[in-house]
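Letter by letter, the chains look like this.
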Amino acid sequence: METNEVLNVMPRIGDAAPEFQAVTTQGNINFPSDFTGKWKILFSHPADFTPVCTSEFMTFGKMDDEFKALNCQLVGLSVDGLHSHIAWLRTIKEKINWKGWDNVEVKFPLIVDITMNVAKLYGMIQPGESTTAAVRAVFFIDPNNVIRTIMYYPLSLGRNFDEIKRVLIGLQTVDNFGVALPADWRPGDEVIVPPAGSCGVAKDRMEGADSNLHCYDWFFCTRNISKEEVESKLGK
Ligand code: BEZ
């Protein structure tokens, strides 16, 4: 019963990120407080020394500097121990040249969670998929330590890291410009101006009172923000 209750805890979008202390490949951390003021991507993988996870870690390892430039700290997790993590990351660096990538070094912390305490706290153990390994979860946590987006993937499907980066850029753009973003948005595409509260404003919008707005109907107005403008504020 108690185990089920713990397993059933699923943090939600808008919740404060649950706090924990952990041992990692980069030393001990207090999460999320050690990283307050930065964006955090906390992600789990099922197991060290498995192929899909290896391909994911090589991809994240290659992209780490791109996430750093966006003021974002990557933090990985699996229910393996410290020696396994270290041996796996060393094997990746020294032996695996998937996609022709050589010498890929994973410099971000990888959490040791043999007890599964952190995985359970974050709803990463999903018994229908596996009772012994975390699913592929991704938590996007903002500089104020609030969960802003959650993704879950099954064990057998590697994540799309362009999409992970697009979501981070999208969340930062939402915050920086007070806009919403349409399907498949990328920097440079039109953004959605949330509808104003009053009918008068809606009528003004439709009648073209604001030349920056393009309204498809009263509830669907967009404006342009250039790629350069978006990029000038990223990481802030
Ligand atoms: C993998 O990363 O390849 C993997 C891990 C656990 C189950 C299935 C695949």
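Everything below is about the structure shown above.
Please read these numbers as outputs of a predicted model, since none were measured by experiment.

Asker: I would appreciate a short explanation of unusual backbone geometry in the present structure.
Answerer: Generally, phi is negative for residues other than glycine and the peptide bonds are trans, each holding for most cases. Note the cis peptide between Phe 31 and Pro 32, where omega equals 0 degrees. In this structure, Pro 32 sits in the loop between strand E2 (27–31) and strand E3 (39–44). Of note, Asp 184 is a non-glycine position whose phi angle comes to about 60 degrees, a positive value. The residue Asp 184 is located in the loop between helix H5 (161–177) and strand E8 (191–193) in this model.

Asker: I tried to follow the packing of aromatic side chains on my own but got confused; where do I start?
Answerer: Each aromatic ring pair is specified by the distance between its two centres and by the angle formed by the two planes. The final tally for this structure, using the stated rule, is 16 aromatic pairs. Aromatic pair Phe 57 and Phe 108: ring centres 5.7 Å apart, planes at 40 degrees, arrangement tilted. Of this pair, Phe 57 sits in helix H2 (residues 51–69) while Phe 108 sits in the loop between helix H3 (82–95) and strand E5 (110–112); the two residues are 51 residues apart in sequence, bridging distant segments of the chain. Of the two residues examined, Phe 57 and Phe 108, each falls in the buried class. Judged by centre distance (6.2 Å) and plane angle (90 degrees), the rings of Phe 139 and Tyr 152 are edge-to-face. Of the two residues, Phe 139 is situated in strand E6 (residues 136–141) and Tyr 152 in strand E7 (residues 147–153); the sequence distance between them amounts to 13 residues.

Asker: Quick question: what am I supposed to make of the nonpolar core here?
Answerer: The tendency in soluble globular proteins is for nonpolar side chains to be buried as a group. By size, the foremost hydrophobic cluster in this structure holds 36 residues, and its most contacted members are Ile 41, Phe 43, Phe 57, Phe 60, Phe 67, Phe 140 and Ile 164. Taken together, the elements giving at least two residues each to this core come down to E3, H2, strand E4 (72–78), H3, E6 and H5. Here the element with the most residues in this core is H5; it accounts for 7 residues. Excluding anything up to four places from it in sequence, Ile 41 contacts Phe 60, Phe 67, Cys 72, Gln 73, Leu 74, Val 75, Val 138, Phe 139, Phe 140 and Ile 164. Grouped together as the second largest cluster of nonpolar side chains are 22 residues, Phe 20, Ile 29, Ala 119 and Ile 147 included.

Asker: Would you mind showing me how to read the state of the cysteines here?
Answerer: Cysteine pairs can be linked by a disulfide, which is a covalent bond between their two sulfur atoms. Within the structure shown, the criterion is met by 1 disulfide. Disulfide pairing is shown between Cys 215 and Cys 221; the S-S distance is 1.9 Å. Because the sign of the S-S torsion sets the handedness, a value of about 105 degrees for the bond joining Cys 215 and Cys 221 places this disulfide among the right-handed ones. Lacking any disulfide linkage, Cys 53 is separated from the closest cysteine sulfur, that of Cys 72, by 20 Å. Cys 53 sits in the buried class, given a relative accessible area of 1%. Residue classification places Cys 72 among the buried positions, given a relative accessible area of 3%.

Asker: Honestly, the pairing of strand E10 (residues 220–223) in this entry has me stumped. Any pointers?
Answerer: As a general feature of sheets, a regular strand has side chains that alternate between the two faces. As paired elements, E8 and E10 share 3 bridges and run antiparallel to each other. Note on E10: the bridge partner recorded for Val 191 is Arg 223. As judged from the 4 bridges shared by strand E9 (residues 213–217) and E10, these two strands associate in the antiparallel manner. In the strand pairing of E10, Asp 217 is matched with Phe 220.

Asker: Would you explain the site of the ligand in this entry?
Answerer: If you check the shell around the ligand, you find Pro 46, Thr 50, Pro 51, Val 52, Cys 53, Arg 136 and Leu 155 and nothing else. Within the backbone of Cys 53, one N or O atom sits 2.8 Å away from an oxygen atom of the ligand. Taken by itself the ligand offers 260 Å² of open surface, and the protein chains cover 72% of this. Looking at the shell around the ligand element by element, the count peaks at 3 residues for H2.

Conventions we followed
Residues numbered from 1 in each chain as written. Predicted model: local features only at pLDDT ≥ 70, side-chain atom pairs only at ≥ 80, totals over all residues. Heavy atoms only, no water. Helix = DSSP H or I, 4+ residues; strand = E, 2+ residues; numbered from the N terminus. Phe/Tyr/Trp six-rings, centres within 6.5 Å; stacked < 30°, edge-to-face > 60°. Buried < 20%, exposed > 50% of the residue type's maximum accessible area, 1.4 Å probe, protein only. Core = buried A, V, L, I, M, F, W, Y, C linked by side-chain atoms within 4.5 Å. Contact = heavy atoms within 4.5 Å. Disulfide = S-S within 2.5 Å. Pairing = 2+ DSSP bridges. Near = heavy atom within 4 Å. Polar contact = N/O pair within 3.5 Å; in protein donor to acceptor, adjacent residues only side chain to side chain. Areas by Shrake-Rupley, 256 points an atom, 1.4 Å probe, with all protein chains shown as cover.

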